[in-house]
Amino acid sequence: MTKQVAIVLAGCGVFDGSEIYETTLTLLRLDQLGIGYRCFAPDVAQHHVINHLTQEPVEGEQRNVLQESARLARGDVSPITELDADDFDAVIVPGGFGVAKNLSDFADQGDNMQVLESVKEALIGFKEEAKPIGLMCIAPVLVPRLLGEGVAVTIGHDPGVSGAISAMGGLHRSCGVEDIVVDHEHRVVTTPAYMLATRISEAATGIFKLVDRIDEMMG
């Protein structure tokens, strides 16, 4: 039977949603490996809307995370409340500031952050069933709140973000853009992606390695 991976999205766009290149590269590699996938996102109001041309907030505009994620998933996305770990072999969370703004409040609260309850409920099942979990870019900041202390992850080598991970009880490992960090005990795979990437090919190398390792861990 074809392996199945859940993809958790946070909107559409690097500054207020999921990073588009990271998501697309993830889906591409899964498809190349013959692995099935389905996208999920929380049905909540977006933290704010960013004009990606000016990188400034758009005053008075409100968007929905699920609806914005549908842009990225070509309409094929489900509410995260429908994500059941029993139906999938692994889960992957691409990066983008939507992770820190829509899936959690890290952007505002730093190491006092909390993960959106619907996201936490959906992902905790993968931990309980020891199924592989992949996260990239900024998304590894979720790990201490989702999976507990002592899990090794990477966001590259940004001192502020890595320091927050450590303050929450996580184990941060410095890592190059084209590599991954694997916590074998907790079955977590992370890569810096656009925390470090300056070219799409750099991001692709690390993301493809992450997906390949998730594939191996799914058996």
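In this text the structure is predicted, and so the values were computed from the model without any measurement.

Considering all chains together, one arrives at eight salt bridges under this definition. Note that Arg29 and Asp212 form a salt bridge whose closest N and O atoms lie 2.8 Å from each other. Of this pair, Arg29 sits in helix α1 (residues 20–32) while Asp212 sits in helix α8 (residues 200–218), and the two are 183 residues apart along the sequence. The closest approach of N and O atoms between Glu129 and Lys131, which form a salt bridge, is 3.0 Å. Judged by relative accessible area, which is 34%, Glu129 ranks as partly exposed. For Lys131, a relative accessible area of 16% puts it in the buried group.

Taken residue by residue, a regular strand's side chains alternate between the two faces of the sheet. Here strand β7 (residues 133–136) shows two buried faces, one formed by Ile133 and Leu135 and the other by Gly134 and Met136. Direction of pairing for strand β6 (residues 90–93) relative to β7: parallel, over a ladder of three bridges. Note on β7: the bridge partner recorded for Val91 is Ile133. Pairing of β7 with strand β11 (residues 188–191) involves four bridges; the strand directions are parallel. Looking at the pairing, Met136 lines up with Thr191 of β11.

For the structure shown, the criterion picks out three aromatic pairs. The interplanar angle of 85° and the centroid separation of 5.6 Å between the aromatic rings of Phe40 and Phe88 together place this pair among those described as edge-to-face. Taken together, the residues Phe40 in strand β2 (residues 36–41) and Phe88 in the loop between β5 (77–79) and β6 connect sequence positions 48 residues apart. Assessed through its relative accessible area of 7%, Phe88 is described here as buried.

What counts, and where the lines are drawn
- Residues numbered from 1 in each chain as written.
- Predicted model: local features only at pLDDT ≥ 70, side-chain atom pairs only at ≥ 80, totals over all residues.
- Heavy atoms only, no water.
- Salt bridge = Lys/Arg side-chain N within 4 Å of Asp/Glu carboxyl O.
- Helix = DSSP H or I, 4+ residues; strand = E, 2+ residues; numbered from the N terminus.
- Buried < 20%, exposed > 50% of the residue type's maximum accessible area, 1.4 Å probe, protein only.
- Pairing = 2+ DSSP bridges.
- Phe/Tyr/Trp six-rings, centres within 6.5 Å; stacked < 30°, edge-to-face > 60°.

All quantities given are derived from atomic positions and should not be read as evidence of function.
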